[in-house]
Amino acid sequence: NTHGYSSPWVLALQNFGLCTFAEFFNAILIFFTTAAGVSSLFSSSRTLYSMAVQRKAPSIFQKCSKSGIPYVSVLFSGAFGVVAYLAVDKTAMENFDVLSNIAGASTSIIWMGLNLSFLRFFYALKRRQDIISRNDQSYPYRSPFQPFLAIYGLMGCTLFIIFMGYTNFLHKYWNTKSFFSAYGGLILFTICYIGYKIMGTSKIQRLDQLDMDSGRREMDRSIWDEHQQYSGPYRERLKRLVNWLY
């Protein structure tokens, strides 16, 4: 590979003379990369559809086919895959790397928001003991070492975002493209957040003002039996899997 973008695992196998196994391993990487792309397309299109339903995105993304597929959201989300063709042109590889770094930084921002949301939910639930306690045996979403794991994740993501492009602030190391590569996701997030705050006139609620009641009736009627899907004889598990597929 003349561009240096091959997998290091594939290159290592080729250097050891295991070219056939390298091709097989490369096929495995392509398969899992494709699966990750399909999963990302599904999650991004459904997120966009949900935002449209909540009037946080244009209403056109609510359109669905007869089978319930939000095809407008799917097409819009899938259109960003065309950017991958930048990698075909050697001169466009640097711009493609910048977009990849921005996407990576944006992922850290998402995880930072997830940890922050969980911490707010964690402490808000402590103030609403009339709903349910995390120490209750019927509490379905109990994870260990909380809230310390969420605090660790929040601090880790925050430090990663802040220091991702720290080399740009060193003496004689400034690079405009590198700066936007490291902090482009943060800049875009800040613009979107401030814009939504202004246009949507929303505000952050105090913990004692969080809506912990919407949907509770439906949740209370639910029977949490997911654990049963992973128990019992293998023949019964296989039968349940086949029934679920069909």
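Residues numbered from 1 in each chain as written. Predicted model: local features only at pLDDT ≥ 70, side-chain atom pairs only at ≥ 80, totals over all residues. Heavy atoms only, no water.

Q: Would you mind going over the overall build of the protein with me for this structure?
A: A tally of helices and strands in the protein yields 8 helices and 0 strands. Along the chain direction, N to C, the helices and strands of the protein fall in the order α-α-α-α-α-α-α-α. Within the protein, the fraction of its 246 residues that count as buried is 17%. The contacts of the protein with a sequence gap of at least 6 include a subset with a gap of at least 24, amounting to 48%. (Helix = DSSP H or I, 4+ residues; strand = E, 2+ residues; numbered from the N terminus. Buried < 20%, exposed > 50% of the residue type's maximum accessible area, 1.4 Å probe, protein only. Contact = heavy atoms within 4.5 Å.)

Q: So what exactly am I meant to see when it comes to the packing of aromatic side chains here?
A: Where two aromatic rings form a pair, the distance of their centres and the angle of their planes describe that pair. In the structure shown here, the tally under the stated rule is 12 aromatic pairs. Here Phe76 and Phe80 contribute two aromatic rings whose centre-to-centre distance is 5.4 Å and whose plane-to-plane angle is 85°, an arrangement assigned as edge-to-face. In this structure Phe80 comes out as exposed when scored by relative accessible area, which is 55%. Between Phe179 and Phe180, the ring centres sit 5.5 Å apart and the planes meet at 85°, which makes this aromatic pair edge-to-face. (Phe/Tyr/Trp six-rings, centres within 6.5 Å; stacked < 30°, edge-to-face > 60°.)

Q: I tried to follow the side chain of Ser77 on my own but got confused; where do I start?
A: Among the secondary structure elements, Ser77 is positioned in helix α3 (residues 71–79). Once residues lying within four places of it in the same chain are set aside, the contact partners of Ser77 are Leu41, Ser44, Ser45 and Leu48.

Q: Hey, could you run me through the nonpolar core in this one?
A: Note on soluble globular proteins: their nonpolar side chains tend to be buried together. Judged by nonpolar contacts, Leu48, Ala52, Ala57, Phe61 and Val72 together constitute the single largest core of 5 residues. The residues contacting Ala52, other than those within four sequence positions of it, are Ala57, Pro58, Phe61 and Gln62. (Core = buried A, V, L, I, M, F, W, Y, C linked by side-chain atoms within 4.5 Å.)

Q: Hey, could you run me through the packing of helix α2 (residues 19–53) against α3 in this one?
A: Between two packed helices, both the angle of their axes relative to each other and the distance between the axes serve to describe the pair. In the contact formed by α2 and α3, the axes pass within 8 Å of each other and the chain directions differ by 125°. When the axis of α2 is compared with that of α3, the two are oblique. The handedness of the crossing between α2 and α3 comes out as right-handed. Here Leu41, Ser44, Ser45, Arg46, Leu48 and Tyr49 of α2 lie close against α3, whose contacting residues are Ser73, Val74, Phe76, Ser77 and Gly78. Residue composition of the contact of α2 with α3, grouped by class: 5 nonpolar, 5 polar and 1 charged. (Axes fitted to C-alpha atoms, helices over the stretch in contact; angles between N-to-C directions. Parallel < 35°, antiparallel > 145°, perpendicular 65-115°, else oblique. Left-handed = near helix turned anticlockwise from the far one by under 90°. Nonpolar A, V, L, I, M, F, W, Y, C, P; charged D, E, K, R; others polar.)

Q: Before we go on, may I ask you to explain the confidence of the model for the protein in this structure?
A: Detailed reading of predicted coordinates is not advised where the pLDDT is low. Mean pLDDT over the protein stands at 77; residues scoring 70 or higher make up 78%. At the low end of the mean pLDDT range in the protein sits helix α7 (residues 216–221), at 59; at the high end sits α3, at 90. (pLDDT = per-residue confidence, 0-100.)

Q: What should I look at first to understand α2 in this one?
A: Residue pairs spaced three or four apart in an α-helix point in one direction, given the helix's 3.6 residues per turn. Over its 35 residues, α2 extends 51 Å from the first C-alpha to the last, a length consistent with the 51 Å expected when each residue adds 1.5 Å. Considered for burial, the residues of α2 that qualify are Ala22, Ser45, Leu48 and Ala52. Note on α2: the residue one or two positions beyond its end, Arg55, has a positive phi of about 60°. (Expected span 1.5 Å × (residues − 1).)

Q: Mind showing me how you'd approach α3 here?
A: Taken together, the buried positions of α3 are Val72, Ser73 and Ser77. For α3, the angular spread of buried residues about the axis comes to 125°, placing them on one side. Where α3 is buried, its residues meet α2. (Arc of directions from axis to C-beta.)

Q: Help me out: how do you make sense of the environment of Val72 in this one?
A: Looking at where Val72 falls in the secondary structure, it is placed in helix α3. When neighbours within four sequence positions are excluded, Val72 is seen to be in contact with Ile60, Phe61 and Lys63.

Q: Looking at this model, I keep getting lost on unusual backbone geometry. Mind explaining?
A: Glycine aside, residues mostly have negative phi angles, and peptide bonds mostly take the trans form. A cis amide bond links Gln146 to the next residue, Pro147, at an omega of 10°. Relative to the assigned elements, Pro147 resides in the loop between α4 (93–127) and α5 (148–163).

Q: Help me understand the environment of Gly81, please; the structure alone is not making it clear to me.
A: Position of Gly81 relative to the elements: it lies in the loop between α3 and α4. On the basis of relative accessibility, which here comes to 41%, the residue Gly81 falls in the partly exposed class. In sequence terms Gly81 and Gly37 are 44 residues apart; their C-alpha atoms lie 9.1 Å from each other.

Q: Please clarify how the side chain of Gln146 should be interpreted in this entry.
A: Examined against the element boundaries, Gln146 turns out to sit in the loop between α4 and α5. From its side chain, Gln146 meets the backbone nitrogen of Ala150 in a polar contact 3.2 Å long. Once residues within four sequence positions are removed from consideration, Gln146 is found in contact with Phe118, Phe122 and Arg134. (Polar contact = N/O pair within 3.5 Å; in protein donor to acceptor, adjacent residues only side chain to side chain.)

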